[in-house]
Every structure is written in C-alpha cells, then in structure tokens.
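Residues per chain, in single letters:
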Amino acid sequence: MNPVNLNQVLRRPGRHWNIDGLPLLSMGTFWLLLGVATLLMDSLEGYWKVASVPLTLFITGGGFALNYIVKRLKQSITEPRAGVMRLRQDVKWPAALGALVAAFAIASVVVVVKAGLQCEVQRALPGGIGLLIAAAFFYCSRHYGIPSYSAVGLCAMLSGLVLTVLRARFPVSLGWMFVLIGVASILCGIGDLTRFLRENPLPGEGEPAQ
Amino acid sequence: MSDAARNGALGQIGTLDRLIHEPARLLICALLYPLEEADFLYLLTQSELSKGNLSSHLAKLEESGYVSIEKRFKGKLPQTLCRLTDRGREAFESYRKSLKALAKALP
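Residues numbered from 1 in each chain as written. Chains lettered and ligands numbered in written order. Predicted model: local features only at pLDDT ≥ 70, side-chain atom pairs only at ≥ 80, totals over all residues. Heavy atoms only, no water.

Undergrad: I'm lost on the environment of K51(B) in this one. Help?
TA: Residues and elements named next belong to chain B. Here K51 is to be found in helix α5 (residues 51-63). Note: C-alpha distance between K51 and F40 (eleven residues apart in sequence) is 8.9 Å. For K51, the contacting residues outside a window of four places in its chain are F40 and L44. (Helix = DSSP H or I, 4+ residues; strand = E, 2+ residues; numbered from the N terminus. Contact = heavy atoms within 4.5 Å.)

Okay, here's the thing in structure tokens:
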C-alpha cells in the first residue's frame, strides 16, 4: 500500500464527485445556455425589464435541473464503475461557498445595472466577474486536485480581461464570457469523462471471456 | 513545548487505538469519516486494497463496532454498504487528536 496523506484522504469524496467530468459538463451546459440567453435577449427592446424575470427563473430552475441530471447520470455511469458514496450533510460547505460566489457575482451585476452606474464601470464588469469565477475554479482545482478546473478558471480570467480590454458593450460582453466559459467547461468535462471511462471500466469489462 | 508536556504527549504512544493504527484500517476509517455511507466498490477503488484484504479489515472493524455493514440488492446486483458508527467516528477523532499531539511532541 502506498503512503497516503490523511488530509487528502478526507478530501477524496469531493474529488470522487468531480473526477468523472459530469459536474463540469453539466455546469458548462448551464453557462452556455445562460450566455446564449443573455445574447438573445439583448436583441429585444427594453432588454433588462423584459428579460430579468425569465432569466432569474431560468437560473434558479436550471440549478435544480442540473443537480437532478448529474445525480441520474452518476447513477448510470459513475456508480457502477467507481462505487457509491453519500456525503454527510455537514461537509457540504464547498458547495455552499460556490453558491455564495455565484450569488455575489449575480448580485454585483444586478447592482451595477439597477444603479445605472457609468458605462465605463459596466464595461469593466466582465473582467471583475471573470476574476471572481476564475478564483472559484482555481480553488476547486487545488482543493480536489483536478487540473481541468484550473483550465476553465484560466479561460474565465482571460475571456473577462480580453472583453474588458476590447471595451465590448455590456451585457453582450457578459453573454460572450458565459459562452466561452461554457465551451471550455464542456470540452474539459468531455476530456475528464473520457479519461474516467478509460481508467474505470465496468467490473468484468476487458476480462477474457470464459 | 516543555519537557513535561513533551513526555506527556509521547506517553500517548501506548494509548493509541491499535485497531485503527493499522494502515489499511486507518485508510478505511479515513475514507468513511466524511461520508454517510459508501459501498464496497467505492472503498475498493479508493483504497486500492485487494478484495480479500478489504473484506477482512472491514470484518475486524465491524466486529469492534466501528463500522456497520448492510448487505442488500440494487436491482439484481448485490450491494454492500458500509458506515462508520458513532463509536468508530469518536475513535477516529480521538486517534487523529493523539497522533497530532504526538507529531508535535517529536523533536
């Protein structure tokens, strides 16, 4: 048996939950849909007044739907290969931290838009939000030891900064940033899932027939 | 750290829970600690122990009341669910505390 770090062992459930790429894949789909929705609704007259309610409903409903989809996919893909585990209720604080970061990002957009702050501030918003999202991804990558989260974080940071430097119009800039983060998450999620399936064949798979 | 405190901490070596001190059982307890429950396959993939080895260590932990094991069927497939009991949880926490104190006391 190889020597193991006890603290790393205690973090294994989080790593186990994220290593198959399914959370990243579904999260990427959500970011992509959010970005596309933002870009589509920008073309409507009176954008924020019309779009704010369905957008909020979409974000809330999408979060619940994604959680359900990931659980179902894990039941059919991950659990037969890598086993079943159920987290204790009191160790879900990283998820709560993620939700807090997301809520802060959304709240800062709402404050800037509602307060009608200067155009320059709105243009700088993707850079700030990109950094915030990147920080959350970098933290997850380091905490769970999953490099693909760093790749998505890097994409979030770079896309935010590039859109800010290009002085793209708000909220189109935000929509494009969400699209780019979504695409990066989906690509990394596919990569992780492929690696997971290759490294964890179904019990009995790959054994010579008797 | 004073000599008396160091001697006190080092004196804990003899009081370490030998059941958990064994590396494979320590790993099993550490894997189960943050979880409500886990099945045999999860413990097998995470611990990288052999099936027989994992089985025998789980049986020892179950005998001592540190782990509870429930066998059931999921569809047509058998499933063995393992949980760390309250006693096992307390024993693991106490072992961790003793080990930290011991590591601090070492020169």
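Undergrad: Looking at this structure, I do not really get the interface of chain A and chain B. What am I missing?
TA: Interface size is commonly expressed as the accessible surface area that is lost when the partners come together. Between chain A and chain B, the contact holds 21 residues from the first and 24 residues from the second. Joining chain A to chain B, the criterion identifies two salt bridges. Where E79(A) meets K74(B), a salt bridge forms, and the shortest distance between an N and an O atom there is 3.1 Å. Counting every contact that joins chain A to chain B gives seven residue pairs in polar contact (both at pLDDT 80 or more). Contributions of two or more residues to the side of chain A that touches chain B are made by α1 (6-10), α2 (12-18), α4 (47-82) and β1 (85-87) of chain A. Relative to strand β1 (residues 35-39) of chain B, β1(A) is paired through three bridges, and the arrangement is antiparallel. Opposite M85(A), over in β1(B), you have A38(B) as the bridge partner. (Salt bridge = Lys/Arg side-chain N within 4 Å of Asp/Glu carboxyl O. Polar contact = N/O pair within 3.5 Å; in protein donor to acceptor, adjacent residues only side chain to side chain. Pairing = 2+ DSSP bridges.)

Undergrad: Can you help me understand the pattern of salt bridges in this one?
TA: Side-chain pairs of opposite charge can arise where the charged atoms are in close proximity. Residue and element names in this part refer to chain B. Inspection of the entire model under this criterion finds six salt bridges over all chains. Measuring nitrogen to oxygen at the nearest pair gives 2.6 Å for the salt bridge that ties R83 to E37. With R83 in strand β3 (residues 77-84) and E37 in strand β1, this residue pair connects regions lying 46 residues apart in the sequence. You can call R83 partly exposed: its relative accessible area is 25%. Classification of E37 as buried rests on a relative accessible area of 10%. We note a salt bridge from E70 to R83, for which the minimum N-O separation is 3.1 Å. (Buried < 20%, exposed > 50% of the residue type's maximum accessible area, 1.4 Å probe, protein only.)

Undergrad: What is the right way to look at the packing of aromatic side chains in this model?
TA: Two aromatic rings, taken as a pair, are described by how far apart their centres are and by the angle between their planes. Here the structure, examined in full by the defined rule, presents three aromatic pairs over all chains. Judged by centre distance (5.3 Å) and plane angle (40°), the ring pair of W31(A) and F178(A) falls under tilted. Taken together, the positions of W31(A) in helix α3 (residues 22-42) and F178(A) in helix α8 (residues 172-199) put the pair 147 residues apart, joining distant regions of the chain. Across this residue pair, the class does not change: W31(A) and F178(A) are buried. Where Y33(B) meets F92(B), the ring centres are 5.0 Å apart and the plane angle is 45°; that geometry is what we call tilted. Taken together, the positions of Y33(B) in the loop between α3 (23-32) and β1 and F92(B) in helix α6 (residues 86-105) put the pair 59 residues apart, joining distant regions of the chain. Overall, Y33(B) belongs to the buried group, its relative accessible area being 17%. Residue F92(B) is classed as buried on the basis of its relative accessible area of 0%. Lying over the aromatic face of W17(A), K74(A) brings its terminal NZ or CZ to 4.5 Å of the ring centre. (Phe/Tyr/Trp six-rings, centres within 6.5 Å; stacked < 30°, edge-to-face > 60°. Lys NZ or Arg CZ within 6 Å of the ring centre and 35° of its normal.)

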